[in-house]
Structures are given as C-alpha cells and as structure tokens.
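Chains, contacts and geometry: an overview
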Amino acid sequence: MALAAVLSALRTLILDLSELPADEPGRRSLYTHIFPDLSAAEVEDLAKIPPHRLNIYSTSIFTGEGKLLEAKLPMTWEALRKYWDGSFHEQATYQQVARRVHALRPWRSSATEDLVEGLRAFIAEDMPLSSSKRDQLLALADFELDRFYAARLSSNILNGQLSPDDLTSLTVSDLLALRCYVPSTTRISHFEFDVLAARAAFRAEKDFLPLMPVRQCVATSRADDNSVFSMTIPTPTFELLNSVTAGSYLTVEELAATYLSTIPEVRDEAQQFQKFLGFLITLMKDRVLCLALPPLSVSAGYSSQPQP
Amino acid sequence: MKNFGLTPLGAGAGLRHAHFDDIISQRPPFRWFEIINEDFMNFGGYVLESLREIRRHYQIIGHGVCLAIGSTDPLDLTYLKRLRKFLDDFDIPWTSDHLCFTMVDHTNLNDLIPLPFTSEAATNVIERVKIVQQELARPFLLENVTRYITVSDREMSETEFINTVLEKANCGLLLDVTNAYLNSKFHGFDPLEFVRSLPLERVGQMHLAGWERAPDGSFIDSHDAPVPPEVWDFFKQILPYTGPSSVIIEWDAQVPPVHRLLEETLTADAAMAEVFSAKAA
Ligand SMILES: [Fe+2]
C-alpha cells in the first residue's frame, strides 16, 4: 500500500536520519535509493519538504520523550545521562539520549508503561556499561518503576478495612486474628544498593552516585491521600509479604511472629508488642497493608450479612 | 444544523494536573473542561480520583492524542474499548482526536504528523472513523493540526482533504483556530479563506492557544503562552460563520495559575458575546 510506504518513510526521516541533503535534487536521489517502495511522485513530494521543517518534529519528539522519562524515572534518567560515556560529570543531552533509546527500544504503543519499560530494557541490554554501573542503574530503574506503578495502578482496597484507631479497642487475641491483605498498589522489592539514601540525596539536590552497596528490602505503597511512600522492611517480613498472592492474606499473628524474630535484642514482651504495633501502624498508614476482621462464624439463626 | 448538533458550552479550558487541587478546593467558575483522555483513562490513584471529584461539579468533554486515525497500522480496538468505558463512566457526551497520524510501523512518534492530502489517505481515515464512531457510540470530531510540512498536495488541498473526510465519514470538526492561523503563516495562505472553505456546520468545538516566539523569530505551536491579539482578532472574524460553539483555551506548558487561565476563558466568552450581540442588534 503506497500510503503505508509514505508514512513509514516520514517516520524514517523524522526519527532515524539526522543529516539530510540541503538541496532538493540531493534529497530526491537519496530517497529514491532508500525508499524503493515509493513512486517517483511520492519521492518528489517528500524531497520538497525542507529538512529544517522535519527537524521541528524530531526535536519535539525526542525532547518530549526525554521529559516524559525524566518525569517518571527522574533518578534513573539523571544517572543515565551522567554515565552516558562512562564519565560521571559529563551529562548527555536529552536529544542524544532520547534519540538512542528510541532507536534501540522504539516506543511501541501509546502507553507510558511501554516507554518506561523500554528505558529499563535499554539499560539492561543496550548501554555499554560496566556491570557495577549497570547494576546501579537497574536498581534505580526498578525502584522508580515501583513508585511509578504504585502511583498509577487502580487500587483494590477492600471495603470494611480497619483504621489504626480501630486497633485500640481490640483485645490482643482479636488483633492477632486480623487478616492482612496486600493492596495491588503495594510493590515489595529488594535491592543490592541503598536506593532510599540515593532518593534522599537526590531530593536534597546532592550527589546520589555511586549508590552505596547494601541489601535493602523496600515496600513502596500508595496511601489514602495518594502520596507514594517507600520504606525499608526486615528481610523475613519482606519474604513473608512477598509470599502473599493476590486475593490471599496472612494473619497479624504470622506477621508478628516474623517481625519479632528480627528484633531478638528486645527481650521484654511488652516492649516487643509496642514495637510491633508501631511497625504495623506504619504499614497501615502507608497502605502497605490493609487489615480486616476475619469473617464472623455463621451459626444457626445468625448471619454476618446485614438483614434487609 | 449548527455546531454539529452539539450543545454550545461557551468558553472552557483544558484541564491540566497542575490545577487539580485549586479547582477542587476553590471551584473557580469555569463553564466546562476538556480533558486529554489518555491522561486519565490508564490511571488509578490521584489523577483519576481528582477527575472524579472535578466531574461532580463541571461538564467534561473528551479529547484524544493517541488514536492515530490516519495511520496504516491496525486500529487499536483494545484502546477504543477502554476509551468507550472511560467516556461512559464519566458521562462524557462527545470526544475528538487529531486528523493526522502518530503511530506507524508499530512505533509511537508521540507527535501529530500530518498526512498526505491524497484520496488514498482520505479513504483510510474515513473507514477508520466509521469504526471509531461505532465503538464509541457518541459524536466524534477531528481536529485540524498544526503542520510544519506539506507531505503532499498534488491531488487535493488541505481544505479539500478535510471536507472529503468529514463529509464521507459524517464526523464533526474541532476547529483549532490557532492551528489554522499558524499554518497560514507557515504556508502562506489567507487564514479566513481557509476557514471559510471548511464545512462550518460541522464545527462542534474550537481550540485557542498561544505560543512563544523563539529568539530567532521562528515560532512553534507550543501552547505555553496567552492567546495572542492576532488570534483573538481572527477568532472574532470566524465566529459569524460558525455561530455559538464550545471553545477551550489550551495551555499545556508554562501553565499559569488557575485564575489566569480563567481570565483567558472570560476573554473568549467576551469575544463571543461581542460578536453575537453585534450580530443580533
Ligand atoms: Fe488543539
């Protein structure tokens, strides 16, 4: 189909070719050569387009993509520009980076998810980096992808969930029987670098590279006011929460047992309980977890469902 | 039939993230908002919840940037089904997209690239618009884009192309006044003549925007400044031909405070009042 060939040629001219002959006959002979599917009339039409006008589109597209990537994965983008040529201080331009990312990882749909995942794949497979730098960039990308998804995913938070204030009226055994659900907006990941310290430095406009090597388990979540939080959690808790699949749950008792194993230095039971309660309330406030009562047991003449 | 049979809403504004909090807390007297569908339909979280709150108090009209109506890649039916559900959920009476292509060879160009003005390109758009109308089940409008290039005008002019598409696909026109004005500067034609050659009974909505001139004197359609005086004048020249419509101010970059955006919509309303009261007198 001739139209498909014309649109495809325009794509090539805008995205792939940065230097075009300044004169129309020069462009005509180039296009005849590189676009064999075009008719002579179509070649002539395209050759009439001045390169500086095509360049308005190239500039706008690559700047737009760079700005979008920067908005969604700001630390990753910044680190990528700094590590571009293996040097820490020379930052590559938006145009340069976005052009190369687009060439190797074209944006295949209109969804921003595909653009940001393309940047991650570019870092993982296409960038000429030492493995240490690649690992750092991937840690940043994965951390920021967690924040990206936590911010935009639809929430599946249940009705009837408890607030931290509700806990005060419960007995200890009722508390331990509560069910913990992990909302769809919570992301639990582990990193080999201190991504949270990097984020703090980045936000304070300080140097955040190179990242400090340390194993870090991070829960990223979206709270009720839509703020996104990231907090470190102990490794056993990380493993436990990671084992909770969609629709399943664990009990507060299971969570408590795992958490208490991480604070052997606290021997006093009351202190242990207070510490755990503080941890649980933080998880609830940041919406890493939702807590709900177990269903009431149904016996003859009594139903847990409200009566009409 | 005027205004493509749609209710003229007067002047409104493009809804942008930067204004969510002020709009929700202060409820400024905008008549209506146009949203970029793709800025909301793929989201949960803050963005969607803000829109839900804003919709409780304001009329919302849809506008898309990702349909790629002129592309030769297959139409994205999954996108259209999601869009339909989104428009239904928010009770959005009509929507629009651009007469151009944004995807080709399964690559997103993330920009509005003009089409060749050929019968083949027109037929391709017409067939796709019919599918879109069927899927969305509500009035659909196409917007004239800013174009820095002419891909081909050997078969027909831009207005002939637009007329052919709109008539044969039976869809509406979102007349972007600024785009028509800027194109007249880029390509050297009379903007009023251009607009008068369009099927004006199909104009169901309009856009107004401003741009910042670069130091070298060149300009691009950047939507980052107030509507300039020459576009206000041009808008007033067009109004007698279109009649009352729904007009928004598009301000996408260097976004001003909400009260400044409101002032701009009030200027648009005043321009319409001036033209239509003079006409009635
Ligand atoms: Fe527009």
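Small disclaimer: the values here were computed from a predicted structure and weren't measured.

1. Focus on the domain arrangement of chain A
All names here are of chain A. Along its sequence, chain A is organised into domain 1 (3–49), domain 2 (55–129) and domain 3 (156–292). Each of domain 1 and domain 2 has a C-alpha centre, and the two are 26 Å apart. Counting from both sides, the interface comprises five residues of domain 1 and, opposite them, six residues of domain 2. Here domain 1 packs against domain 2, burying approximately 430 Å² in sum over the two surfaces, 62% of which is carbon and sulfur.

2. Remarks on the interface of chain B and chain A
On the side of chain A, 36 residues touch chain B, which itself brings 39 residues to the contact. Interface area, chain B with chain A, both sides summed: about 3200 Å², of which 59% is carbon and sulfur. Where chain B packs against chain A, one counts two salt bridges. Between A:Arg11 and B:Asp105 there is a salt bridge, with its nearest N and O atoms 2.8 Å apart. Scanning the region where chain B abuts chain A turns up 17 residue pairs in polar contact (both at pLDDT 80 or more). Going through the elements one at a time, α2 (45–55), β5 (101–104), β6 (107–113), α4 (119–136) and α6 (177–187) of chain B are the ones with two or more residues in the side of chain B that touches chain A. The leading source of residues in the side of chain B that touches chain A is β6(B), at seven residues. When its residues are assigned to classes, the side of chain B that touches chain A shows 18 nonpolar, 15 polar and six charged.

3. Examining the side chain of B:Asp176
Residue and element names in this part refer to chain B. With respect to the helices, strands and loops of the structure, Asp176 is situated in strand β8 (residues 172–176). Buried charge without a partner: Asp176 forms no salt bridge, and the closest opposite charge is Arg16, 9.4 Å away. Look past the residues within four positions of Asp176 in its chain and what remains in contact with it is Glu143, Asn144, His207 and Glu250.

4. Observations regarding the environment of A:Leu240
All names here are of chain A. Here Leu240 lies in helix α11 (residues 235–242). By relative accessible area, Leu240 is classed as buried at 18%. As a C-alpha pair, Leu240 and Leu255 span 15 residues in sequence and 7.6 Å in three-dimensional space. The residues touching Leu240, leaving out its near neighbours within four places in the chain, are Leu250, Glu254, Leu255 and Thr258.

5. What about the nonpolar core?
Nonpolar side chains tend toward joint burial in soluble globular proteins. Judged by nonpolar contacts, the single largest core of 112 residues is most densely connected at B:Phe86, B:Leu142, B:Leu208 and B:Phe235. Looking at which element gives the most residues to this core, the answer is helix α1 (residues 2–16) of chain A, with nine residues. Per-domain counts for this core show at least three residues from each of domain 1 (3–49) and domain 2 (55–129) of chain A. Leave out the neighbours within four places in its chain, and B:Phe86 touches B:Ile35, B:Asn37, B:Phe40, B:Met41, B:Leu48, B:Leu51 and B:Ile92. Core analysis: the second largest hydrophobic core is formed by 39 residues, A:Leu73, A:Trp107, A:Phe143 and A:Leu196 among them.

6. What to know about the coordination of the iron ion
Geometrically, a metal with four donors at the corners of a regular tetrahedron has ideal angles of 109.5 degrees, and one with six donors at the corners of a regular octahedron has ideal angles of 90 or 180 degrees. Residue and element names in this part refer to chain B. Around the iron ion, the protein contributes the donor atoms Glu143 (OE), Asp176 (OD), His207 (ND1) and Glu250 (OE), which lie 2.1 to 2.4 Å from the metal centre. Coordination at the iron ion is irregular, judged from the four donor atoms that bind it and the angles of 84 to 170° they form at the metal. Coordination of the iron ion draws on donor residues from a single chain, spaced E-x32-D-x30-H-x42-E in sequence. Here His207, found in strand β9 (residues 203–209), pairs with Glu250, found in strand β10 (residues 246–250); they are 43 residues apart in sequence, far enough to count as distant. Note on accessibility: His207 and Glu250 belong to one class, buried.

Scoring rules and cut-offs
- Position numbers for residues count from 1 along each chain, tracking the sequence in the order it is written.
- All chains are assigned letters beginning at A, and all ligands numbers beginning at 1, according to the order in which they are written.
- Whole-chain, interface and lining totals are the exception, using all residues; otherwise, since this is a predicted model, local features are given only for residues with pLDDT of at least 70 and side-chain atom pairs are given and counted only at 80 or more.
- Side-chain numbers come from the whole structure's heavy atoms, not from hydrogens or water.
- The domain limits used here are those given by an automatic or database domain assignment.
- Pairs of residues are marked as contacts when any of their non-hydrogen atoms sit within 4.5 Å.
- Here's the idea: put two parts together, see how much 1.4 Å probe accessible area each one loses, and the total over both is what we call buried area.
- Criterion for a salt bridge: a side-chain nitrogen of Lys or Arg within 4 Å of a carboxyl oxygen of Asp or Glu.
- Polar contacts here mean pairs of N or O atoms no more than 3.5 Å apart (in protein, one a potential hydrogen donor and the other a potential acceptor; neighbouring residues in sequence count only if both atoms are side-chain atoms).
- Numbering of helices and strands runs from the N terminus; a helix is a DSSP stretch of H or I covering at least four residues, while a strand is a stretch of E covering at least two.
- Throughout this entry, Asp, Glu, Lys and Arg are counted as charged residues, while Ala, Val, Leu, Ile, Met, Phe, Trp, Tyr, Cys and Pro are counted as nonpolar. The remaining residues, Gly among them, count as polar.
- Burial classification: accessible surface area is computed with a 1.4 Å probe over protein chains only, and a residue below 20% of its type maximum counts as buried, one above 50% as exposed, and the rest as partly exposed.
- His is not counted, nor are the chain ends, whereas Lys and Arg count as positive and Asp and Glu as negative.
- Joining through side-chain atoms within 4.5 Å is the link that ties buried Ala, Val, Leu, Ile, Met, Phe, Trp, Tyr and Cys residues into a set, and such a set is a nonpolar core.
- Coordinating donors are taken to be N, O and S atoms lying within 2.8 Å of the metal, or within 3.2 Å when the metal is Na, K or Ca; because water is excluded from the atom set, some sites may appear incomplete.
- Irregular is the default label, applied whenever a site is not tetrahedral (four donors, all angles between 85 and 135 degrees) and neither square planar nor octahedral (four or six donors, opposite donors over 155 degrees apart, all other angles between 65 and 115).

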